[in-house]
Amino acid sequence: MTDQAILVTGAAGFIGFHVARQLLAEGRPVVGLDSLNSYYDPALKQARLQRLAADSRFTFVQADLADRETVAALFARHRFASVVHLAAQAGVRHSIDHPQAYADSNLQAFLNVLEGCRHNSCRHLVYASSSSVYGANTKLPFAVADRTDHPVSFYAATKKANELMAQSYSHLYRLPVTGLRFFTIYGPWGRPDMALFLFADAIMARRPIRLFNHGKMRRDFTYIDDVTRVVSTLIDLVPADNPSAANAPSRVYNVGNHRPEELTHVVALLERELGRTAVKELLPMQPGDVVETFADVEDLMRDTGFAPSTPIDVGVHNFVTWYRDYFEV
Ligand SMILES: NC(=O)c1ccc[n+]([C@@H]2O[C@H](COP(=O)([O-])OP(=O)(O)OC[C@H]3O[C@@H](n4cnc5c(N)ncnc54)[C@H](O)[C@@H]3O)[C@@H](O)[C@H]2O)c1
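Notes on the structure in this doc start here. (Residues numbered from 1 in each chain as written. Predicted model: local features only at pLDDT ≥ 70, side-chain atom pairs only at ≥ 80, totals over all residues. Heavy atoms only, no water.)

Considerations on the site of the ligand
So, point 1. Taken together, 30 residues lie around the ligand, and Ile15, Asp34, Tyr40, Tyr155 and Ile185 are the ones closest in.
So, point 2. Leu65 has a polar backbone atom sitting 2.9 Å from a nitrogen atom of the ligand.
So, point 3. Residue Lys159 places a side-chain N or O atom 2.8 Å away from an oxygen atom belonging to the ligand.
So, point 4. Coverage of the ligand by the protein chains reaches 97% of its 820 Å² of free accessible surface.
So, point 5. Of all the secondary structure elements, the ones that give two or more residues to the shell around the ligand are helix 1 (14-25), strand 2 (30-34), strand 5 (124-130) and helix 6 (154-173).
So, point 6. Examining the composition of the shell around the ligand, we find that three residues originate from one element, strand 5, more than from any other.
So, point 7. Considering only residue class, the shell around the ligand consists of 17 nonpolar, eight polar and five charged. (Near = heavy atom within 4 Å. Polar contact = N/O pair within 3.5 Å; in protein donor to acceptor, adjacent residues only side chain to side chain. Areas by Shrake-Rupley, 256 points an atom, 1.4 Å probe, with all protein chains shown as cover. Helix = DSSP H or I, 4+ residues; strand = E, 2+ residues; numbered from the N terminus. Nonpolar A, V, L, I, M, F, W, Y, C, P; charged D, E, K, R; others polar.)

Section: the pattern of salt bridges
So, point 1. Summed over the entire model, instances satisfying the criterion amount to 21 salt bridges.
So, point 2. Two residues, Arg57 and Asp55, come together in a salt bridge whose shortest N-O distance is 3.2 Å.
So, point 3. Overall, the relative accessible area of 38% leaves Arg57 in the partly exposed class.
So, point 4. Between Glu261 and Arg259 there is a salt bridge, with the nearest N and O atoms lying 3.1 Å from each other.
So, point 5. The class of Arg259 is exposed, set by a relative accessible area of 52%.
So, point 6. Each of Glu26, Arg28, Arg123 and Asp236 takes part in a single network of salt bridges with overlapping partners. (Salt bridge = Lys/Arg side-chain N within 4 Å of Asp/Glu carboxyl O. Buried < 20%, exposed > 50% of the residue type's maximum accessible area, 1.4 Å probe, protein only.)

So, the state of the cysteines
So, point 1. Taken as a whole, this structure holds zero disulfides when the rule is applied.
So, point 2. Of all cysteine sulfurs in the structure, the one in Cys122 sits closest to Cys117, which takes part in no disulfide; the separation is 3.8 Å.
So, point 3. Exposure remark for Cys117: the relative accessible area of 1% places this residue in the buried category.
So, point 4. For Cys122, a relative accessible area of 8% gives the class buried. (Disulfide = S-S within 2.5 Å.)

Remarks on the side chain of Thr148
So, point 1. On the secondary structure map, Thr148 appears in the loop between strand 5 and helix 6.
So, point 2. Assessed through its relative accessible area of 7%, Thr148 is described here as buried.
So, point 3. Among the polar contacts listed, one links the side chain of Thr148 to the side chain of Lys160, at a separation of 2.8 Å.
So, point 4. Apart from the residues lying within four places of it in its own chain, the contact partners of Thr148 are Val133, Tyr134, Lys160 and Arg181. (Contact = heavy atoms within 4.5 Å.)

Digging into the nonpolar core
So, point 1. Of all hydrophobic cores here, the largest spans 71 residues; its most connected members are Val8, Ile15, Phe182, Leu270 and Val316.
So, point 2. Residues within four places of Leu270 in sequence aside, it is in contact with Leu196, Phe199, Ala200, Ile203, Val316 and Val320.
So, point 3. Grouped together as the second largest cluster of nonpolar side chains are 26 residues, Leu65, Phe110, Cys122 and Val252 included. (Core = buried A, V, L, I, M, F, W, Y, C linked by side-chain atoms within 4.5 Å.)

Quick notes on helix 1
So, point 1. Over its twelve residues, helix 1 extends 17 Å from the first C-alpha to the last, a length consistent with the 16 Å expected when each residue adds 1.5 Å.
So, point 2. A large share of helix 1 lies buried, amounting to nine of its twelve residues.
So, point 3. What helix 1 keeps buried is the set Phe14, Ile15, Gly16, Phe17, His18, Val19, Ala20, Leu23 and Leu24.
So, point 4. Directly beyond the C-terminal end of helix 1, a positive phi value near 85° is found at Gly27. (Expected span 1.5 Å × (residues − 1).)

Remarks on a negative patch on the surface
So, point 1. A surface patch of like charges, here negative, comprises Asp64, Asp67, Glu69 and Asp104.
So, point 2. One can find Glu69 in helix 3 (residues 68-78).
So, point 3. Here Glu69 falls in the exposed class, since its relative accessible area comes to 60%. (Patch = residues over 30% accessible without salt bridge, like charges linked within 9 Å, V, L, I, M, F, W, Y side chains within 5 Å. Lys, Arg positive; Asp, Glu negative; His and termini not counted. Charge placed at Lys NZ, Arg CZ, Asp CG, Glu CD.)

Focus on the sheet that holds strand 2
So, point 1. Across the sheet, which stays open at both edges, the seven strands sit in the order 3-2-1-4-5-6-11 with parallel pairing between neighbours. Bordering the open sheet on either side are strand 3 (58-62) and strand 11 (250-255), each of which pairs with just one other strand. Going across the sheet, the axis of each strand differs from the next one's by a mean of 20°, ignoring polarity.
So, point 2. Direction of pairing for strand 5 relative to strand 6 (residues 177-182): parallel, over a ladder of six bridges. Paired with Ser130 across the two strands is Phe182, which belongs to strand 6.
So, point 3. In the packing of helix 1 onto the sheet, contacts are made with strand 1 (6-9), strand 2, strand 3, strand 4 (82-85) and strand 6, and the angle to strand 1 comes to roughly 160°. (Pairing = 2+ DSSP bridges. Axes fitted to C-alpha atoms, helices over the stretch in contact; angles between N-to-C directions.)

Here it is in structure tokens:
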């Protein structure tokens, strides 16, 4: 452990907020960066930041990572030993209509972070990838060694591109990098464009909830506290030269619960917690979507002791408790 601040990008976002909070709770200073863009309500991002700002070891920087000079200056000033890069334009469906936002925030921004790490002797870059890199794969569970060269959304293509960009910098400059393929992370302070949050909003407003593929979807829902614990552990687990990555200090893990849930079951849990029945609108499959996700997490368990321990009913309960409190409903 070091007293030097860890850079957490996307710190006002869902996962970044929780990771920053975990690191602060462990006594580690954090510089949190975020552009506070309006992809979803910036008031939620501000509310998360307010919680982080209560800790004197937290410093916030509002900046757009796609801005090359700003990022270069920030890295030169702080010379971060560890970087947890979680900022991105997220969302599979949004990428169908807004591909440019993904080029800026997921490709240009990622390159700027890599350059910052390269020029300032960063000890370890941990970055977010996504289960969406598995595209239309049908072999389950998804394993890191499976093919990931047929993305079904531009979002997925940018996340796969990040893995390749990180691999090239790791090879060329010996930059240690760890990519995390997140599987449907959920919990308190969650993301308003994701299913659980959208469903809760619709149920409370007595609007129909939209179930694509006629509700026949399975997702490996992964609870946020299980994720933040393993991210914190991974920061200090700097990869050694990896024979499966052409001997670069580079690796990729799945971060999932290893237990796919029927979407209709999750809706039933939400209905129970909210005390209301959902009106269900059954719709066909959406472009860019996949029917099932299921993570093989053996490598992560072996290397970090990762053992996801939050059952879906507990996780949904915790989410609804937060939701009621935050929106006063
Ligand atoms: N939540 C999930 O289930 C999930 C699943 C797979 C992958 N991921 C990935 O994990 C990471 C975190 O996701 P999240 O759910 O917390 O999303 P989020 O949208 O809540 O957080 C991302 C944050 O990044 C910020 N940001 C976006 N573009 C930026 C830029 N150019 N410069 C600076 N800040 C910028 C946003 O303002 C936002 O606060 C993302 O990389 C996402 O693609 C998330």
